[in-house]
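Reading the structure
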Amino acid sequence: MFLGMLTGVTAQAAPAANCPGHPDAIGTSRTLVVDPRQYPLIGTMQYAKTLPLEDHEVVLTFDDGPLPKYSNQILDILAAHCAKATFFLVGRQANANPEGVRKMRDAGHTIATHTQNHPGNMNRLSIDGAKKEIEDGIASITSALADGTAPSPFFRIPGLGRSDVIEAYAEAKGLQIWSADFPADDWRPVSSQRVYDLAMQRLEAKGKGILLLHDIQARTVAALPRILSDLKARGYRLVHVVPATADRPATPTEPSQWQLHPISEQVATSRWPKIPNFAYTATAALPAPALSDSDWRNTAPADRVQRRALRDALWSRQVTLVLDPPALPVPAPGVFKLPESIRVTMLYSPPSARKVEPTAPAAHEVSAKQAARPAKHAKHGGKGAAKHAQVKPAKKVRMAGLKKR
């Protein structure tokens, strides 16, 4: 453990030792050489791959320059820390300030491109418009360099407005499109403190990666010295990225290193067998049916016959399998025969025979009650008693039948 700590301190101290007069400088820990054609899309803000960085390694990038008022201050701050960065320059800015482009190159920074006019709707441009923006930007920066060399084949889309057309064209030209791993939002109207906070918070969350800044903002100029000082205090290291050439081969890397957080070998899925990369034989594609084959609105007999013939030729017929149904045993004749002793005889009686007559005791009780009523009223005497003493015969209830309509 102590040896690892000593090695880390030595690695951090070495870049600072190469920055005379600035003992607190973070320096540049190493130079990473990449082949743009190997991984043409990098930056986890939009893509699956990013630069092959170790833990606590950071790449500084700046967009939209050169703008003398602020770009020169950014260059002075980087020089005080012996820090190297990548500048994505706008062609129109390079035409207006070619000295600034050469100043960045002479300081040892990587010069990259960021279109000619920085269109905000890059992903909505036509293919011809997008090509012109990219090519004109490269031409303007090449002219500003004035030494017969072209900028590095690194390209960043304005506003990170990616599209399949732009990516395909850039890859065909051998350009590597850079997104970023985390921004500091310094293009927004925020304070320099906010720029610093976002840069450090997002870096701590990811542990390494490409930092996106802008060298045309006063807030970036104010926040950068503190960002560099805290990067060193927290054990981060700066990495300078350059393109591979015939005389400078790419740094050897493994595919897993181009992932921000590669799967550890401790995880079981990383050891699962991979799908073999080979071609199967005899894999002729079946002809696809035409769209008109499914046009149900065309009911002409001749067309229907033609469609049926074409369908039978292109697709295999559906075969219906006829299977013998299972034969069930025939029930024996004696299954439904009942023994003579338990036969049930069903008797039928007409509806008129089902009328229920009142029983004699019930009729007697009703007569007794009616007889008792006059006697009860007679005790009080008078005409009322005599009147109530008369028992009125019960009225016959006439049942209305259904009238035939």
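Residues numbered from 1 in each chain as written. Predicted model: local features only at pLDDT ≥ 70, side-chain atom pairs only at ≥ 80, totals over all residues. Heavy atoms only, no water.

**Focus: the state of the cysteines**
Tallied over the entire structure, the rule returns 1 disulfide. One disulfide in the model links Cys 19 with Cys 82; its S-S distance is 2.0 Å. Judged by the sign of its S-S torsion, about 85 degrees, the bond between Cys 19 and Cys 82 is right-handed. In this pair, Cys 19 is assigned in the loop between helix H1 (2-17) and strand S1 (30-34) and Cys 82 in the loop between helix H2 (68-80) and strand S4 (86-89), connecting sequence segments 63 residues apart. Cys 19 sits in the buried class, given a relative accessible area of 3%. (Disulfide = S-S within 2.5 Å. Helix = DSSP H or I, 4+ residues; strand = E, 2+ residues; numbered from the N terminus. Buried < 20%, exposed > 50% of the residue type's maximum accessible area, 1.4 Å probe, protein only.)

**Thoughts on the side chain of Asp 181**
Here Asp 181 is to be found in the loop between strand S7 (176-178) and strand S8 (182-183). Buried charged residue Asp 181 carries no salt bridge. Nearest counter-charge: Lys 206, at 5.0 Å. Side-chain polar atoms of Asp 181 contact the backbone nitrogen of Ile 210, separated by 2.8 Å. Apart from residues lying up to four places away in sequence, Asp 181 is in contact with Gly 43, Thr 44, Met 45, Thr 50, Lys 206, Gly 209, Ile 210 and Leu 260. (Lys, Arg positive; Asp, Glu negative; His and termini not counted. Salt bridge = Lys/Arg side-chain N within 4 Å of Asp/Glu carboxyl O. Polar contact = N/O pair within 3.5 Å; in protein donor to acceptor, adjacent residues only side chain to side chain. Contact = heavy atoms within 4.5 Å.)

**Some thoughts on helix H5 (residues 127-145)**
With 19 residues, H5 extends 27 Å between its outermost C-alpha atoms, agreeing within 8% with the 27 Å of an ideal straight helix rising 1.5 Å per residue. For H5, the set of buried residues is Ala 130, Glu 133, Ile 134, Gly 137, Ile 138, Ser 140, Ile 141, Ala 144 and Leu 145. Considered in projection along H5, the buried side chains sweep an arc of 165 degrees and stay on one side of the axis. Residues of H5 that are exposed and point more than 90 degrees away from the buried face comprise Asp 128, Lys 132 and Ser 143. On its buried side, H5 packs onto S4, helix H3 (91-96), helix H4 (98-106), strand S5 (110-113), strand S6 (154-155) and helix H6 (164-172). Just beyond H5, the residue with positive phi is Ala 146, at close to 60 degrees. (Expected span 1.5 Å × (residues − 1). Arc of directions from axis to C-beta.)

**Examining the pattern of salt bridges**
For the structure shown, the criterion picks out 11 salt bridges. Arg 105 is the partner of Asp 147 in a salt bridge, and the nearest nitrogen-oxygen pair spans 2.9 Å. With Asp 147 in the loop between H5 and S6 and Arg 105 in helix H4, the pair connects residues that are 42 residues apart, well separated along the chain. Of the charged contacts, one joins Asp 185 and Arg 202 as a salt bridge, the two residues approaching to 3.1 Å between their closest N and O atoms. Placement of the pair is Asp 185 in the loop between S8 and helix H7 (192-206) and Arg 202 in helix H7, with a sequence separation of 17 residues. Look at Asp 185 and you get buried, because its relative accessible area is 12%. Since its relative accessible area comes to 28%, Arg 202 is described here as partly exposed. A single network of salt bridges, built from pairs that share partners, joins Arg 105, Asp 106 and Asp 147.

Function cannot be inferred from these measures alone, as they are strictly geometric.
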